[in-house]
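Given next are the chains, with one letter for each unit.
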Amino acid sequence: MPIEFNLHDQNAKLARGGFKGCLGALDGTLIEVRVPDSDKGRYRNRKGQISTNVLGLCNLEGMFTYVLSGWEGSAADGRVLRDAVHRPAGGKVPTGNYYLCDNGYGNVEGFLTPYRGVSYHLKLF
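These numbers come from a predicted model, not from an experiment. (Residues numbered from 1 in each chain as written. Predicted model: local features only at pLDDT ≥ 70, side-chain atom pairs only at ≥ 80, totals over all residues. Heavy atoms only, no water.)

Chemist: Quick rundown of the sheet that holds strand 2 (residues 51-59)? Include the residues and the values.
Modeler: One open sheet holds the five strands; their spatial order is 3-2-1-4-5, and the pairing between them is mixed. The open sheet has two edge strands, strand 3 (64-72) and strand 5 (111-112), and neither has a second partner. Across two bridges, strand 4 (residues 98-100) lies against strand 5 in parallel orientation. Residue Tyr99 lies in a different strand from strand 5, and its bridge partner there is Phe111. Relative to the sheet, helix 3 (residues 77-86) contacts strand 1 (22-32), strand 2, strand 3 and strand 5, its axis offset from that of strand 3 by approximately 120°. (Pairing = 2+ DSSP bridges. Helix = DSSP H or I, 4+ residues; strand = E, 2+ residues; numbered from the N terminus. Contact = heavy atoms within 4.5 Å. Axes fitted to C-alpha atoms, helices over the stretch in contact; angles between N-to-C directions.)

Structure follows, in C-alpha cells:
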C-alpha cells in the first residue's frame, strides 16, 4: 500500500508551525569517487572514504532548485554552502526568506538551523 504524502498539507503545517518565509531545505551528501593517488588526501572524508561533497537545495514541493557538486569529501558543509551562495548562478536567498538546514551549515542569514541540544519530532508539526 503506497504512503500518501500531501505536500500542500505539509507546507501549511510548516507555515502554521512558525516557518513563515521558509523556501525549502538543503543538505549535502558524499558520493564515493575515484581520484588520482595525489588527490586522495583532499577527497578523503571523515569516515576515511574517497568522496565528493554534493549540496542540494529543495523547494517546499520537494523539487531540487540548485545542486552544487565537485567539492572534495574533506570540505566542511559550511564551506560548500559559502561557495554556492557566492557563485553567479548560486543558491541566492531573497531577503526575509530562508532555507532549513542542519547544524553543519551554521545559522547565517538565509539559513536556519535547529537549536543545539533540542530534540525535534515530526509529530509536533
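Chemist: Can you break down the state of the cysteines residue by residue, with the values?
Modeler: For the structure shown, the criterion picks out zero disulfides. For the unlinked cysteine Cys22, the closest cysteine sulfur is that of Cys101, found at 10.0 Å. Owing to a relative accessible area of 8%, Cys22 belongs among the buried residues under this scheme. (Disulfide = S-S within 2.5 Å. Buried < 20%, exposed > 50% of the residue type's maximum accessible area, 1.4 Å probe, protein only.)

Chemist: Any details on the pairing of strand 1? Residues and values, ideally.
Modeler: A regular strand places its side chains so that they alternate between the two faces of the sheet. Across three bridges, strand 1 lies against strand 4 in parallel orientation. By the bridge assignment for strand 4, Ala25 is matched with Leu100. Bridge count for strand 1 against strand 2 is nine bridges, and the pairing is antiparallel. The residue bridging Ile31 from the neighbouring strand is Thr52, located in strand 2.

Chemist: Talk me through the pattern of salt bridges; I want residue IDs and the actual numbers.
Modeler: All told, the structure shown has four salt bridges when counted by the stated rule. Across the pair Arg42 and Asp39 runs a salt bridge, and its minimum N-O distance is 3.2 Å. A relative accessible area of 22% places Asp39 in the partly exposed class. In this structure, Asp83 engages Arg87 in a salt bridge whose closest nitrogen and oxygen atoms are separated by 2.9 Å. (Salt bridge = Lys/Arg side-chain N within 4 Å of Asp/Glu carboxyl O.)

Chemist: Explain the layout of surface pockets residue by residue, including any values.
Modeler: Empty space within the second largest pocket amounts to approximately 230 Å³. Along the walls of the second largest pocket sit Gly28, Thr29, Leu30, Asn45, Arg46, Lys47, Asn53, Gly73, Ser74, Ala75, Ala76 and Asp77, which together make up its complete lining. (1 Å grid on protein atoms, 1.4 Å probe; cavity = no way out; pocket = protein on both sides within 12 Å on 5 of 7 lines; lining within 4 Å. Points joined across faces, edges and corners; volume = space filled by probe spheres on them.)

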